[in-house]
Every structure is written in structure tokens, then in C-alpha cells.
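Now for the letters of each chain:
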Amino acid sequence: MSHYCDSLLVTCEDFRLHQRKDGRNYLLDFIKQLKMDCDIITRAGGIKDLIHYNKKEFRDSLERDIMVSLNLHNSHTIILLNHEDCGAYSNFSFSSREEELQQHYNDLKEAKKILSSQYPNKKIELYFAELLPNTKDEFIIKKIN
Ligand SMILES: [Zn+2]
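Nothing here was measured: the structure is a model prediction, and the numbers come from that model.

Caption draft 1: The arrangement of the overall build of the protein in detail. When helices and strands are tallied, the protein shows 4 helices and 5 strands. Ordering the α and β elements of the protein from the N terminus gives β-α-β-α-α-β-α-β-β. Structurally, the protein occupies a C-alpha span of about 45 × 35 × 25 Å along its principal axes. Counting all 145 residues of the protein, 27% fall into the buried class. Within the protein, contacts between residues at least 6 apart in sequence are counted, and of these 71% link residues at least 24 apart.

Caption draft 2: Spatial organisation of the sheet that holds strand S4 (residues 123–131). Strand order in this open sheet of 5 strands is S2-S1-S3-S4-S5, and the pairing throughout is mixed. The open sheet has two edge strands, strand S2 (38–43) and strand S5 (139–144), and neither has a second partner. Along the sheet, successive strands turn relative to each other by an average axial angle of 20°, direction set aside. Alignment of strand S1 (residues 7–12) against strand S3 (residues 77–83), held across 4 bridges, turns out to be parallel. Paired with Leu8 across the two strands is Ile78, which belongs to S3.

Caption draft 3: Quick look at helix H4 (residues 97–118). Here H4 contains 22 residues, and its C-alpha end-to-end distance of 32 Å stays within 8% of the 32 Å for a straight helix at 1.5 Å per residue. Where H4 is buried, its residues meet helix H2 (48–51), S3, S4 and S5.

Caption draft 4: Spatial organisation of the pairing of S4. Note: S3 against S4, 7 bridges, orientation parallel. When the bridges of S4 are listed, Ile79 appears paired with Glu125. Handedness of the crossover is the feature at issue here: the chain leaves S3, passes through H4, returns alongside S4, and the resulting connection is right-handed.

Caption draft 5: The nonpolar core, seen in detail. If you look at the biggest cluster of nonpolar residues, it comprises 26 residues, and the most contacted ones within it are Leu8, Ile79 and Leu80. Of all elements in the fold, only S1, helix H1 (26–34), helix H3 (56–73), S3, H4 and S4 reach the threshold of two or more residues within this core. Dropping the residues within four chain positions of it, Leu80 is found in contact with Val10, Gly46, Ile47, Leu108, Ala111, Lys112, Ile124 and Leu126.

Caption draft 6: Here's a closer look at unusual backbone geometry. Even without glycine at this site, Gln19 takes up a positive phi of about 45°. With respect to the secondary-structure elements, Gln19 resides in the loop between S1 and H1. At Asn74, a residue that is not glycine, the phi angle is positive and equals roughly 50°. Counting through the fold element by element, Asn74 comes out in the loop between H3 and S3.

Caption draft 7: Summary view of the pairing of S2. Relative to S2, S1 runs parallel, the two sharing 6 bridges. Residue pairing across strands places Leu9 opposite Ile40, the latter belonging to S2. Once you follow S1 into H1 and on to S2, the crossover reads as right-handed.

Caption draft 8: Here's a closer look at the environment of Val10. One can find Val10 in strand S1. Among the residues examined, Val10 registers 25 C-beta atoms within 10 Å and is labelled buried. For the pair formed by Val10 and Ile79, sequence separation is 69 residues and the distance between their alpha carbons is 6.2 Å. For Val10, the residues in contact, after removing those within four places along its chain, are Ile41, Arg43, Gly46, Ile47, Ile66 and Leu80.

Criteria and cut-off values
- Residues numbered from 1 in each chain as written.
- Predicted model: local features only at pLDDT ≥ 70, side-chain atom pairs only at ≥ 80, totals over all residues.
- Helix = DSSP H or I, 4+ residues; strand = E, 2+ residues; numbered from the N terminus.
- Buried ≥ 20, exposed ≤ 12 C-beta atoms within 10 Å, placed from the backbone.
- Contact = placed C-beta atoms within 7 Å.
- Pairing = 2+ DSSP bridges.
- Axes fitted to C-alpha atoms, helices over the stretch in contact; angles between N-to-C directions.
- Expected span 1.5 Å × (residues − 1).
- Right-handed = clockwise from strand over helix to strand, strands pointing away.
- Core = buried A, V, L, I, M, F, W, Y, C linked by C-beta atoms within 7 Å.

Shown next, in the form of C-alpha cells:
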């Protein structure tokens, strides 16, 4: 049996974003602000495997999870959320914070392009979780245009 769900959220598996033992849950707070139910796909690097995949199977696997969610729940919106200080992006060896953020913004936009062509009738929204100054695990989630 399938049920309708408002949206599909693709984000990173990093524990700092969700379900922490200290009670903080940035994903939960984010979803409440959206006022939408969300299927959630957690992957190392969020949407990274759509663009920078070492093996085609990685990309296929992410695309498969997205397809299953949309087929089952027919969500009208796809939300893509990457975050700062992502371990899955450590191979980029960014020389500055600006460079790191720009890479994520570019990747999010590229992922939107890819998914738009596959799912032309879906609304796709981009978000990025920035670290608060002088913290390693406190985030603010901002919308990317
Ligand atoms: Zn991450």
C-alpha cells in the first residue's frame, strides 16, 4: 500500500545533523519549519553521489532510493540539503571556507539540474547547513537560490 508524502529530503548521514544524544536534532527542527512530511534519504555527502561518484553503482543506488520514494509517495517537492565540514567531501581539500561552500552550492545546483530532467513536474528546493561561528557541531540551515 502506498501513502502520499509531501516531500523527499536527501541529506547527509552525519550524526551532527540529527537524532543526537544531547537531544539536538537539526533535521527535525528543519522539517517542522517546512511544515511538510518528509521521506528521508541519508547518504554520505548528501547529493554528492549524483555528481562526484567513484563508482557508477553509488550514483545508481542514490537514484534508486529517490525513485522508490517518489513512486511510493508521489511527493510534490524534493529537498536537497548538504552541510559544511562534510566528511564525504574531505577529498576536495578545500583551501578556504568560501571554496568549500561554493563547491556545495555548485553541487546542489547541479543535482537540481539532474533531478529536474528526471522529474520535470517536481519542485526542487536547495538548502545548506552552515556551521555557526567557532563551533564544530552547531548548524544553521539556509536556503540556497
Ligand atoms: Zn556529511
